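Notes for the structure review
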Amino acid sequence: MKEWVEAAMRGDRDSFEKLVARYRPMTLAVARSRLNDAHLAEDAVQESFAEAYRGIGALADPEAFPGWLKRIVERQCGRMTRRKRIATVPLDSVPDAVASAASPAEALLAKEERGRIRARIDALPPGQRIAVLLFYMHDYSLGEISAFLGVPVSALKKRLFDARRKLRTSLPIANPVSVFRTLYEGGVQMLHIVNGDAVGDKLKQGGVPGDVLVWRELYSEGPVFPDMDGEDRLSIRADWLERTLGIPQDVWRAHTAAQESALSNAGQYGEIVLWFEHDPFDQAMLAYLFRRLAGVPLSGTKISLLQIGAFPGIEPFRGLGQLSAGQLASLCGTWREIGPDELALGSRAWEAYASPDPRALTALLETDTSALPFLRDAFRHHADRFPSAADGLGSVERATLAAVLDGCESPLDLFRRVGDELNGLGMGDLAFWAYARDMTRGPHPLLRLEGAAAFPGFAEPPGDFGRARLVPTDLGRRMATAPDGDWIALNGIDRWLGGVRLSGSRSVWRRDGRNGSFVRG
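Keep in mind that what you see is a predicted model, and the values were worked out from it rather than measured.

The rules behind each value
Residues numbered from 1 in each chain as written. Predicted model: local features only at pLDDT ≥ 70, side-chain atom pairs only at ≥ 80, totals over all residues. Heavy atoms only, no water. Helix = DSSP H or I, 4+ residues; strand = E, 2+ residues; numbered from the N terminus. Buried < 20%, exposed > 50% of the residue type's maximum accessible area, 1.4 Å probe, protein only. Contact = heavy atoms within 4.5 Å. Areas by Shrake-Rupley, 256 points an atom, 1.4 Å probe, with all protein chains shown as cover. Salt bridge = Lys/Arg side-chain N within 4 Å of Asp/Glu carboxyl O. Phe/Tyr/Trp six-rings, centres within 6.5 Å; stacked < 30°, edge-to-face > 60°. Lys NZ or Arg CZ within 6 Å of the ring centre and 35° of its normal. Core = buried A, V, L, I, M, F, W, Y, C linked by side-chain atoms within 4.5 Å. Pairing = 2+ DSSP bridges. Axes fitted to C-alpha atoms, helices over the stretch in contact; angles between N-to-C directions. Parallel < 35°, antiparallel > 145°, perpendicular 65-115°, else oblique. Nonpolar A, V, L, I, M, F, W, Y, C, P; charged D, E, K, R; others polar. Arc of directions from axis to C-beta. Expected span 1.5 Å × (residues − 1).

**Comments concerning the overall build of the chain**
Tallying secondary structure elements over the chain gives 22 helices and 11 strands in all. For the chain, buried positions account for 50% of its 521 residues. For the chain, the proportion of contacts with a sequence separation of at least 24, taken over those separated by at least 6, is 64%. Only carbon and sulfur atoms are counted for the fraction: they give 51% of the accessible area of the chain, which is about 23,500 Å².

Structure (structure tokens):
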């Protein structure tokens, strides 16, 4: 580039034309930002290059050319602004941001997509908007943009990270991991904590920089306690998971010990990134991890959080596991740094969730939880699982009965249908089988399993379960259509919801449907 400038200073027109081709997108980005009019910006750039050609021979330092050219463009924009009042119109579409379409219908969709992307870019602050256009849309290096704008590279990186967080997945990037590495310079050792092996494997496949720790727990099911260490509490949880979900105690204990050890050593990383979703499964896990991280020595370690409840083109969105390696990689760098407020709220959320008194959860939800925006809805979905004060049924039993009475009798189809209806709950198959199994047991069951001997467990082959049917009993039909009894009074209950144990048929915590409070009944 310096050679082109030096040649142009000596009067070489070809070299100047090369500079025009290279710097034209940069100058247009500045002019459009100042004038907010595509046609006027073109005029301003044309005049600016003409002025630059006439004056380049007087340039003292060839390396100062980018900043010198930018000042010419800004002066020209100022002249045009003073000459007449400019009517503001929307900027033109992002050049080549979306692939060209083959058919008229596809072309229309592509144009609409370009307009949507450009509208979001236009809404950015001016400094971020220009940085995004030059770095993401025109592939200029950080060094080139820095020289042209006169902005330090470190400040450019901050602008680009902030812009990516605002634009999230709408910004088209051919190689998001490469972009992320460029911005990070490979200088920060990162630990990504995720909620499932599928997500962990895809992060590695997508080339996301750093180590991955898969947190293999399901705090949305079974007994939990404010403090989860201690042999007595570990034994209670291990026994329940094996007895109810079929997870062998030795497997669970080995995983728990390994992940807790890894978390205790997380201070060796420069940044910890937590990848989590919107549902109670993830939000309970996130609250637990915040509680633990608040007590881990993390001097100099930054904690960041990526939370999503939707992804373009994925309907219904259940979780990060639905995304491809490339889609996950596109989220790289869109996380946000969290501080003491989020850690404190997460710790309080865990204490409320793990409390043996569910009214602690009600008290939490009456406070400001906006620092963790998905927390409130997730814990409300969790609270809806408590048995109703009216008939003893919770949200899962009620949705299951309704689906069965509507003709959905295949257990696999039933799991998908109830999962779609209660999408905000984030319930896995093992948890659903535990609910369905309880509905087939006791002296007064709501359902009857036909065509299979038992529900599948953690490591049990499904066998003939795919051909099984779940059919309603007479009580199930009555409870679903015109409830005139109390299922807990008839059958009793033995279940953990967070830190609350529901046991027996009397004095069990219930959800009052009239005001959403918890009552004894």
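**Comments concerning the side chain of Thr400**
Topologically, Thr400 is positioned in helix H18 (residues 395-405). In this structure Thr400 comes out as buried when scored by relative accessible area, which is 0%. Leaving out residues up to four positions away in the same chain, Thr400 has contacts with Leu414, Val418, Phe432, Met439 and Leu447.

**A short note on the pattern of salt bridges**
This structure, assessed with the given rule, holds 31 salt bridges. Linking Arg75 and Glu51 is a salt bridge whose minimum nitrogen-to-oxygen distance equals 3.2 Å. One end of the pair, Arg75, is in helix H4 (residues 65-83); the other, Glu51, is in helix H3 (residues 38-55), with 24 residues separating them in the sequence. Judged by its relative accessible area of 40%, Arg75 falls in the partly exposed class. Here Arg385 ties to Glu221 by a salt bridge, and the two come within 3.1 Å at their closest N and O atoms. A residue pair is termed long-range when its members are at least 10 positions apart, and Arg385 in the loop between helix H17 (375-384) and H18 and Glu221 in the loop between strand E2 (211-214) and helix H11 (231-245) qualify at 164 residues. Arg385 sits in the buried class, given a relative accessible area of 3%.

**Here's the deal with the packing of aromatic side chains**
Working definition: an aromatic ring pair is given by the centre-to-centre distance plus the angle between the planes. Under the counting rule described, the total for this entry stands at 20 aromatic pairs. Ring centres of Tyr23 and Phe148 lie 6.2 Å apart, and the angle between their planes is 35°; on these two criteria the pair is classed as tilted. Note that Tyr23 is positioned in helix H2 (residues 13-35) and Phe148 in helix H7 (residues 142-149), a separation of 125 residues in sequence. Each member of the aromatic cluster is reached from another via a ring pair, and the members are Trp215, Tyr219, Tyr288, Trp350, Tyr353 and Phe379. Its end group placed over the ring of Phe518, Arg511 keeps NZ or CZ at 5.0 Å from the ring centre.

**Section: unusual backbone geometry**
Backbone torsion omega between Glu315 and Pro316 reads -10°, so that peptide bond is classified as cis. Along the chain, the position of Pro316 falls in the loop between strand E4 (302-307) and helix H14 (325-329).

**Topic: the nonpolar core**
If you look at the biggest cluster of nonpolar residues, it comprises 91 residues, and the most contacted ones within it are Ile193, Trp215, Tyr219, Leu274, Leu289, Trp350 and Phe379. For this core, the leading source of residues is helix H13 (residues 280-293), giving 9 residues. Beyond its immediate chain neighbours, meaning those up to four positions away, Trp215 contacts Ile193, Val194, Asn195, Gln259, Glu260, Leu263, Met285, Tyr288 and Leu289. Counting residues in each nonpolar core, the second largest holds 47 residues, with Leu124, Ile130, Ala131 and Ala163 among its members.

**Here we look at the environment of Leu475**
Assignment of secondary structure puts Leu475 in helix H21 (residues 474-481). If near-sequence neighbours (up to four positions away) are discounted, Leu475 is found in contact with His444, Pro445, Leu446, Trp487 and Leu490.

**Description of the pairing of strand E8 (residues 493-497)**
The buried count for E8 comes to 4 of 5 residues, which makes it a mostly enclosed element. Bridging between E8 and strand E9 (residues 500-504) involves 5 bridges; their strand directions are antiparallel. Each residue of the ladder has a partner; that of Asp494, found in E9, is Ser503. Between the end of E8 and the start of E9, which pair antiparallel, lie 2 residues, with Gly498 showing a positive phi angle near 65°.

**Here's the deal with the packing of helix H15 (residues 340-353) against H17**
Two elements in contact, H15 and H17, have axes whose closest approach is 13 Å; the angle formed by their N-to-C orientations is 5°. As the angle between them shows, H15 and H17 are arranged roughly parallel. On the side of H15, the interface is formed by Leu345, Ala349 and Tyr353, while H17 contributes Leu375, Phe379 and His382. Across the contact of H15 with H17, the residue classes tally to 5 nonpolar, 1 polar and no charged.

**What to know about helix H1 (residues 2-9)**
Where H1 is concerned, the buried positions are Val5, Ala7 and Ala8. Take H1 and look down its axis: the buried residues cluster within an arc of 165°, on one side only. Phi turns positive, to about 100°, at Gly11, one or two residues after H1.

**Description of helix H6 (residues 126-137)**
Residues spaced three or four apart along an α-helix face the same direction, because each turn holds 3.6 residues. Taking 1.5 Å per residue as the helical rise, H6 with its 12 residues ought to reach 16 Å, and the 16 Å between its terminal C-alpha atoms agrees with that figure. Along H6, 10 of the 12 residues are buried, which leaves the element largely enclosed by surrounding structure. Considered for burial, the residues of H6 that qualify are Gln128, Arg129, Ile130, Ala131, Val132, Leu133, Leu134, Phe135, Tyr136 and Met137.

**A few points about the sheet that holds strand E5 (residues 336-337)**
Pairing is mixed across the open sheet formed by 5 strands, whose spatial order is E2-E1-E3-E4-E5. Of all the strands in the sheet, the pair left with one neighbour each is E2 and E5. Examined bridge by bridge, strand E1 (residues 190-194) and strand E3 (residues 271-276) share 4 bridges and lie parallel to one another. Paired with Leu191 across the strands is Ile272, a residue of E3. Docked against the sheet, H13 engages E1, E3 and E4, running at close to 160° with respect to E3.

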